[in-house]
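These are the residues of each chain, in order.
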Amino acid sequence: MYENTVLVSRGQFFYVESTGLRWRKIMLTIRQAVYKDIANIMQFIDENWKKGHILARDREFFEWQFVENNQVNVFLGIDDETGKIYGMQGVIRYNHSLNPDVTGSIWKAIKSSNPKLGMDISDYSTQQLNVRYIIGAGVSEKAIRLGRILGGTPIAMEHYYRLGNYENYRIAVVKNKKIPEIEDTGFRLEPILSSEEMKQIISPEALATHIMSKDYAYIQWRYFEHPIYQYDVWKILNKEKIAHSVLITREESARGRKIGKIIDFYGDIDDLGQITYALDGLIKEKQYEYIDVYSYGVPSELYERAGLISCDITSDNIIPNYFHPFEQKNIDLKMMDPMLEGLRMFRGDGDQDRPC
């Protein structure tokens, strides 16, 4: 059906397609999407990624995630004559430097004359944006297989949790109830109500030193202006009531119960190991069955000293991650090992903490 594939400039590919009684020469172009492409992209997601996906049915949410200053952060492999999309990659910018760090969102290619279309779209997007790092978690099995072919090593983010003290659990499945005793370190959590308040604790300059550096435009957009989710942003106060770190959480509910998720963290990583007493207070106040955290680059010893329990897909206890729809099973959030010393990632990185 397909023949005469030729790579030409500006990300264009030619092939010949049978259309009934005639053959048509098709030109596949790799380019950044424009605003008028959005309906077409949403249809592509619905037909080729997941039927009824929020990015396929909620135009307002799609634009919140991908449209920035009238620029659509989606890259396409498309037949511009017919408008048929053969591949796409969404991109989320973490900062607005000349060499931004970014993460991907929905990377998909369907059968075409170019067996490397998905990789070519990805390469084109990183070149166009002049990307420094592109890293994400929660990648698909297909992306894992491709990563292996390219010499990468798949890993899973570490998953830890702290149970509330209940006689029975409806969200979690607890076969081995364990709540390690911990000491009160004197650390406390107090709400932060704005990104300006957060800046008093974590300066823009401090954010810029991170691998996968996020700026305050991103933080304002992601956590203070989310159109669906309500995030709780906390300053972590030490014994002297001085804050050096910020914790971001969100609650979920199912079966008449609630749980808390640690979504992101900024500051001195040792502070994360000092707040278990405060988390226990949050569990009691909010009546959470548990609080859990997915992370990469945080020493496991820190969690274990803090009285948190490790969980993976083989664990007897089930600490669900998916709530829309609710799935009572353990989930590994997989990624390709970036092998970057000093990199820390949490559940909120990429688009993992997104309505489905």
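(A) Quick peek at the overall build of the protein chain. A count of helices and strands for the protein chain gives 11 helices and 18 strands. Here the C-alpha radius of gyration of the protein chain, 22 Å, is about what a compact globule of 356 residues would show, namely 21 Å. Projected onto its principal axes, the C-alpha positions of the protein chain cover 75 × 45 × 40 Å. If you take every contact in the protein chain between residues at least 6 apart in sequence, the share linking residues at least 24 apart comes to 66%. Here the protein chain displays about 17,400 Å² of accessible surface, and carbon together with sulfur accounts for 48% of that area. Across the protein chain, the centroid of the 44 positively charged side chains sits 5 Å from that of the 50 negatively charged ones.

(B) A look at helix α10 (residues 276–286). Along α10, the positions that sit buried rather than exposed are T276, A278, L279, D280, L282 and I283. Buried residues belonging to α10 abut β10 (158–163), β11 (188–192), β12 (232–237), β13 (243–254), β14 (257–266) and β15 (288–296). Once α10 ends, the next one or two residues include Q287, with phi positive near 60 degrees.

(C) Just unusual backbone geometry, in detail. Of note, the amide linkage connecting H324 to P325 takes the cis form, showing an omega dihedral of 0 degrees. The phi torsion at R255 lies on the positive side, around 55 degrees, for a residue other than glycine. Note on placement: R255 falls in the loop between β13 and β14.

(D) Spotlight on the packing of aromatic side chains. Counted according to the given criterion, the structure contains 12 aromatic pairs. A centroid spacing of 5.8 Å and a plane angle of 65 degrees characterise the contact between Y166 and Y169, whose relative ring orientation is edge-to-face. For the pair Y166 and Y169, one class covers both residues: buried. Seen from their ring centres, Y218 and W221 are 5.6 Å apart, and the 50 degrees between their planes marks the pair as tilted. Here Y218 pairs with W221, and both are found in helix α8 (residues 216–224), just 3 residues apart, close to one helical turn.

(E) Seen up close, the side chain of T249. Here T249 shows up in strand β13. Judged by its relative accessible area of 7%, T249 falls in the buried class. A distance of 2.9 Å separates the side chain of T249 from the side chain of W234, its partner in a polar contact. Ignoring any residue separated from it by four or fewer positions in sequence, one finds T249 in contact with Y231, D232, W234, K261, I262 and I263.

(F) Focus on the packing of helix α1 (residues 38–48) against helix α3 (residues 59–66). Taken N-terminus to C-terminus, the directions of α1 and α3 make an angle of 105 degrees; their axes are 11 Å apart at the nearest point. By the angle between their directions, the pair α1 and α3 is classed as roughly perpendicular. The residues of α3 that touch α1, namely those facing I38, A39, I41, M42 and I45, are R59, F62 and E63. Each residue belonging to the contact of α1 with α3 can be placed in one class, and the counts come to 6 nonpolar, no polar and 2 charged.

(G) Representation of the environment of E240 within the structure. On the secondary structure map, E240 appears in the loop between β12 and β13. As a C-alpha pair, E240 and F323 span 83 residues in sequence and 38 Å in three-dimensional space.

What counts, and at which threshold
Residues numbered from 1 in each chain as written. Predicted model: local features only at pLDDT ≥ 70, side-chain atom pairs only at ≥ 80, totals over all residues. Heavy atoms only, no water. Helix = DSSP H or I, 4+ residues; strand = E, 2+ residues; numbered from the N terminus. Rg over C-alpha atoms; globule rule 2.2 N^0.38 Å. Contact = heavy atoms within 4.5 Å. Areas by Shrake-Rupley, 256 points an atom, 1.4 Å probe, with all protein chains shown as cover. Lys, Arg positive; Asp, Glu negative; His and termini not counted. Charge placed at Lys NZ, Arg CZ, Asp CG, Glu CD. Buried < 20%, exposed > 50% of the residue type's maximum accessible area, 1.4 Å probe, protein only. Phe/Tyr/Trp six-rings, centres within 6.5 Å; stacked < 30°, edge-to-face > 60°. Polar contact = N/O pair within 3.5 Å; in protein donor to acceptor, adjacent residues only side chain to side chain. Axes fitted to C-alpha atoms, helices over the stretch in contact; angles between N-to-C directions. Parallel < 35°, antiparallel > 145°, perpendicular 65-115°, else oblique. Nonpolar A, V, L, I, M, F, W, Y, C, P; charged D, E, K, R; others polar.

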